[in-house]
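Fold and contact review
Chain by chain, the residues run as shown.
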Amino acid sequence: MTDSTRWLWMAGLFLLGWLLYLLHPILSPFLIGILLAYMGDPLVDRLERHRLSRTGGVVVVFTLFALVLLVLVLVLVPMLGRQLVRLYQLAPEVIDWLQGTALPWSQSHLGLQDDLLQVDQLKQVFTDNIGKTTDVLKAVLAQATSSGLALLAWLGNLMLIPVVSFYLMRDWDVLVEQVRRLLPRQREGLVVKLAGECHEVLGAFLRGQLLVMLALSIIYASGLMLVGLELGLLIGVLAGLASIVPYMGFIVGIGAALTAALFQFGLEPYPLIGIAVVFMIGQMLEGMVLTPMLVGDRIGLHPVAVIFAILAGGQLFGFTGVLLALPVAAVIMVLLRHAHDLYKLSGLYGESSGSHEPPT
C-alpha cells in the first residue's frame, strides 16, 4: 500500500466518522433495525433450511418479536410501573430508618459527626415530590406534544424500525455477499477472517448473553415473588439486566433483595434464607448451565471493557452511542488481537530473544 493510498484510506475513515457524528441524532431507528435483523437472521436461516421461503421466515420471526413486545407492553411494563411507584412511596420509610437507626448506630460506633448526613433535607425532598408522578407525566407529554413536527418525527422514527429491520432481515445474506464481492481480492481472505471473528464475538454476546440475562431475570423475579418479596419483580429484572457484567447481577440483586426484605419482613429468618437460596440457585445455573450452553468461551469481551464501552458510547453519542458501543468494542478487540499476533511474529518482539539465555 502506497503512502497516497494509505492517506486516502485515513481521510475516508475520518470523513465517515465525521458524517456519523453529524447524523447520529437520526441513526437510532436504523441501528435498532440492524440489531434486530442481525439477531433474527439465524432464526430465518433455520426456517429456510426447513423449506420455508426467506420472506415467510422473516414474517414468522417478526411475529415472534411482536408477541414478545406485546407481552412486555401489556403485562411486564405495568407491573414494573406499579412496583416503581411502590418503591418511590417506600423512600420516606427508608430515610426514617436511616435517621432513627442507622445514623445513631454509626455515630455511636464509628464516631461520625451529627451533620455528616443531612437526612432531614433528604426526607423533605422526597416528601415534597411524592404524589407528583402524574404532574411529571403531564409535563413530559406537554413537552412532547408542544411541537407537532417533533411528535411526528418521533412517531416516524418509531415506525421506521420494523420497516428497516424487515427489509434488512430479508436481504441480509444478499447484502453480506455483495459487500464481500466489493472487497479487494488481495485482502479478501484476511478481511473475511477478521469479520468472522467479529461476528463470532458479537453474536455470542448479543444472542448468548442477552438470553442469559433474560433467563436470570425470570429466575430471580419468579423466585423472589414466590418468597413473597413485594418488590420481587423489579429487583429480579434489575438483577438480570445487571448480569451483563459477570457477578454484578448477583451482587446488586441479593443486596437490594435483602434490604427490601428487612423493611418488609424485619428479621424473620425464612424470607432472608429464601432470598439467599434464590440467588444461589441463579448463580449456579448461570455458571454451570446458562453461560456454557448459550455463550461458551467465545465472547472474549472483558467485563471492564463492556462497562467502559457502554459508558463511553453514551457519553459521546447518547443513545446512538450505546447501541454502537458493543459492536465497536468487539471490532476493536478483534483488531487488537490480530495486531498482537502480528507483533509476536515481528522482529521487534523476537530480536532480543537470544540475549537472555541462561548461562550453561
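Every value quoted in this text rests on a predicted model; they were computed, and no experiment measured them.

**Side note on the layout of surface pockets**
Space inside the second largest pocket adds up to approximately 370 Å³. Around the second largest pocket sit 17 residues that line it, and Leu 87, Leu 90, Leu 231, Ala 256 and Ala 260 are the ones nearest its centre. Counting only elements with at least two residues in the lining of the second largest pocket, the list comes to helix H3 (54-110), helix H9 (232-242) and helix H10 (248-265). Per element, the largest residue contribution to the lining of the second largest pocket is 6 residues, and it comes from H10. Along the lines of polarity and charge, the residues of the lining of the second largest pocket split into 13 nonpolar, 2 polar and 2 charged.

**What to know about the UniProt feature "transmembrane region" (unreviewed entry) in the protein chain**
Using the residue numbers shown here, the UniProt feature "transmembrane region" (unreviewed entry) corresponds to residues 7-38, 58-80, 148-169, 210-235, 247-267, 273-295 and 307-336. Helix makes up 100% of residues 58-80 and strand 0%, whereas the separation of the span's terminal C-alpha atoms amounts to 31 Å. Here residues 210-235 is 85% helix and 0% strand, with 18 Å between the C-alpha atoms at its ends.

**With respect to the nonpolar core**
Core analysis: the largest hydrophobic core is formed by 20 residues, its most contacted members being Met 169 and Val 334. Secondary structure elements with two or more residues in this core: helix H2 (28-49), H3, helix H6 (148-170), helix H8 (188-227) and helix H13 (319-345). It is H8 that contributes the most residues to this core, 6 residues altogether. Two domains each donate at least three residues to this core, and these are domain 1 (25-104 + 117-180) and domain 2 (200-294). Residues within four places of Val 334 in sequence aside, it is in contact with Leu 194, Glu 197, Cys 198 and Val 201. Counting residues in hydrophobic clusters, the runner-up holds 19 residues, among them Leu 90, Ala 261, Ile 275 and Phe 279.

**Observations concerning H8**
For H8, with 40 residues, the first-to-last C-alpha span of 57 Å sits near the 58 Å given by 1.5 Å per residue. With its phi angle positive at about 105 degrees, Gly 228 sits one or two positions after the end of H8.

**Focus on the environment of Leu 84**
Here Leu 84 is to be found in helix H3. Exposure remark for Leu 84: the relative accessible area of 46% places this residue in the partly exposed category. For the pair Leu 84 and Leu 231, spaced 147 residues apart in sequence, the C-alpha separation works out to 8.4 Å.

**Considering unusual backbone geometry**
Located in the positive-phi region is Arg 51, a residue other than glycine, with phi close to 65 degrees. Along the chain, Arg 51 falls in the loop between H2 and H3. Among the residues examined, Arg 51 registers a relative accessible area of 82% and is labelled exposed.

Conventions used here
Residues numbered from 1 in each chain as written. Predicted model: local features only at pLDDT ≥ 70, side-chain atom pairs only at ≥ 80, totals over all residues. Heavy atoms only, no water. 1 Å grid on protein atoms, 1.4 Å probe; cavity = no way out; pocket = protein on both sides within 12 Å on 5 of 7 lines; lining within 4 Å. Points joined across faces, edges and corners; volume = space filled by probe spheres on them. Helix = DSSP H or I, 4+ residues; strand = E, 2+ residues; numbered from the N terminus. Nonpolar A, V, L, I, M, F, W, Y, C, P; charged D, E, K, R; others polar. UniProt positions renumbered as here; feature names shortened; annotations may be inferred. Core = buried A, V, L, I, M, F, W, Y, C linked by side-chain atoms within 4.5 Å. Buried < 20%, exposed > 50% of the residue type's maximum accessible area, 1.4 Å probe, protein only. Domains from an automatic or database assignment. Contact = heavy atoms within 4.5 Å. Expected span 1.5 Å × (residues − 1).

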